[in-house]
Amino acid sequence: MISQTLAIIKPDAVENKFIGKIITLIEFHGFAISKMRMLRLKKEEAQKFYSIHRGKPFFDPLVDFMISGDIVAICLESENAVDKWREVIGATDPEMAKEGTIRKIFASSKQCNAVHGSDSNENAKIELDFFFN
Ligand code: CMP
């Protein structure tokens, strides 16, 4: 069954001019792009989006990073989209990510890790609503 997930191209990847290369990989891996928008998050929006991480040591720096520049929010569709996209992007820490994954290729640190992917179907729906409704 076809399902959806949220991808975000983060400010580091936008700044480094990796949007085109990342979208090429999205299509290469067989995802359909059904919605896409470029935007800059406000502080309160980034805090809300990452509210599950509130209280963690990396929360404030993460919010500051996510509002530091434009991002691209994308609705991806494929069979098993959540797990498939997480496999394509690789581990949060690029040093731990497998060769060929998007974070291995484009990310520079755990924080500046180029892309986001929803971690469950439930969160994908919440996160897609956040950007597209
Ligand atoms: P993302 O997939 O967007 O989900 C939460 C984000 O928090 C994660 O990618 C990283 O950008 C960031 N993050 C998670 N763990 C750490 C960490 N230990 N140090 C810094 N940033 C982190």
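Before any of the text, the structure's been laid out above.
Asker: Help me understand the overall build of the protein, please; the structure alone is not making it clear to me.
Answerer: From N to C terminus, the protein includes seven helices and four strands. Order of helices (α) and strands (β) in the protein, N terminus to C terminus: β-α-α-β-α-α-β-α-α-β-α. Dimensions of the protein along its principal axes, counting C-alpha atoms only, are 35 × 30 × 25 Å. Sorting the 133 residues of the protein into buried and exposed places 45% on the buried side. Looking at the protein alone, contacts between residues at least 24 apart form 75% of all its contacts between residues at least 6 apart. For the protein, the accessible area works out to roughly 7,400 Å², and carbon and sulfur atoms hold 52% of it. The distance from the centre of the 18 positive side-chain charges to the centre of the 19 negative ones in the protein is 2 Å.

Asker: So what exactly am I meant to see when it comes to the nonpolar core here?
Answerer: Generally speaking, a soluble globular protein has its nonpolar side chains buried in company with each other. By size, the foremost hydrophobic cluster in this structure holds 21 residues, and its most contacted members are Ile9, Ile22, Ile74, Trp85 and Ile102. Broken down by secondary-structure element, the contributors of at least two residues to this core are strand 1 (2-9), helix 1 (11-15), helix 2 (19-28), strand 3 (71-79), helix 5 (81-89) and helix 6 (102-106). In terms of residue count, the dominant contributor to this core is helix 2 (four residues). In terms of nonpolar packing, the next biggest core, distinct from the first, is built from 19 residues, Phe59, Met66, Ala73 and Cys75 among them.

Asker: When you look at the pattern of salt bridges in this model, what are you seeing that I'm missing?
Answerer: Any two side chains of opposite charge can pair if their charged atoms end up close together. Here the structure, examined in full by the defined rule, presents two salt bridges. A salt bridge links Asp129 to Lys125; its shortest N-O distance comes to 3.3 Å. You can see Asp129 and its partner Lys125 sitting in helix 7 (residues 121-132), four residues apart, about one turn around the helix.

Asker: Teacher, can you tell me more about the site of the ligand here?
Answerer: In the vicinity of the ligand, the contacting residues are Lys10, Tyr50, His53, Phe58, Leu62, Thr92, Arg103, Lys110, Gln111, Asn113 and His116. Taking Tyr50, its side chain carries an N or O atom lying 2.6 Å from an oxygen atom of the ligand. When the ligand sits alone it has 460 Å² of accessible area, and the protein chains cover 80% of it. Considered class by class, the residues forming the shell around the ligand number three nonpolar, five polar and three charged.

Asker: Please explain the pairing of strand 3 as it appears in this structure.
Answerer: Looking down a regular strand, the side chains alternate between one sheet face and the other. Burial analysis of strand 3 places seven of its nine residues in the buried class, the great majority of the element. Note: strand 1 against strand 3, eight bridges, orientation antiparallel. Bridging from a neighbouring strand, Leu6 pairs with Cys75 of strand 3. Sheet analysis places strand 2 (residues 32-39) next to strand 3, joined by seven bridges and oriented antiparallel. Bridge assignment links Arg37 to a residue of strand 3, and that residue is Ala73.

What counts, and at which threshold
- Residues numbered from 1 in each chain as written.
- Predicted model: local features only at pLDDT ≥ 70, side-chain atom pairs only at ≥ 80, totals over all residues.
- Heavy atoms only, no water.
- Helix = DSSP H or I, 4+ residues; strand = E, 2+ residues; numbered from the N terminus.
- Buried < 20%, exposed > 50% of the residue type's maximum accessible area, 1.4 Å probe, protein only.
- Contact = heavy atoms within 4.5 Å.
- Areas by Shrake-Rupley, 256 points an atom, 1.4 Å probe, with all protein chains shown as cover.
- Lys, Arg positive; Asp, Glu negative; His and termini not counted.
- Charge placed at Lys NZ, Arg CZ, Asp CG, Glu CD.
- Core = buried A, V, L, I, M, F, W, Y, C linked by side-chain atoms within 4.5 Å.
- Salt bridge = Lys/Arg side-chain N within 4 Å of Asp/Glu carboxyl O.
- Near = heavy atom within 4 Å.
- Polar contact = N/O pair within 3.5 Å; in protein donor to acceptor, adjacent residues only side chain to side chain.
- Nonpolar A, V, L, I, M, F, W, Y, C, P; charged D, E, K, R; others polar.
- Pairing = 2+ DSSP bridges.

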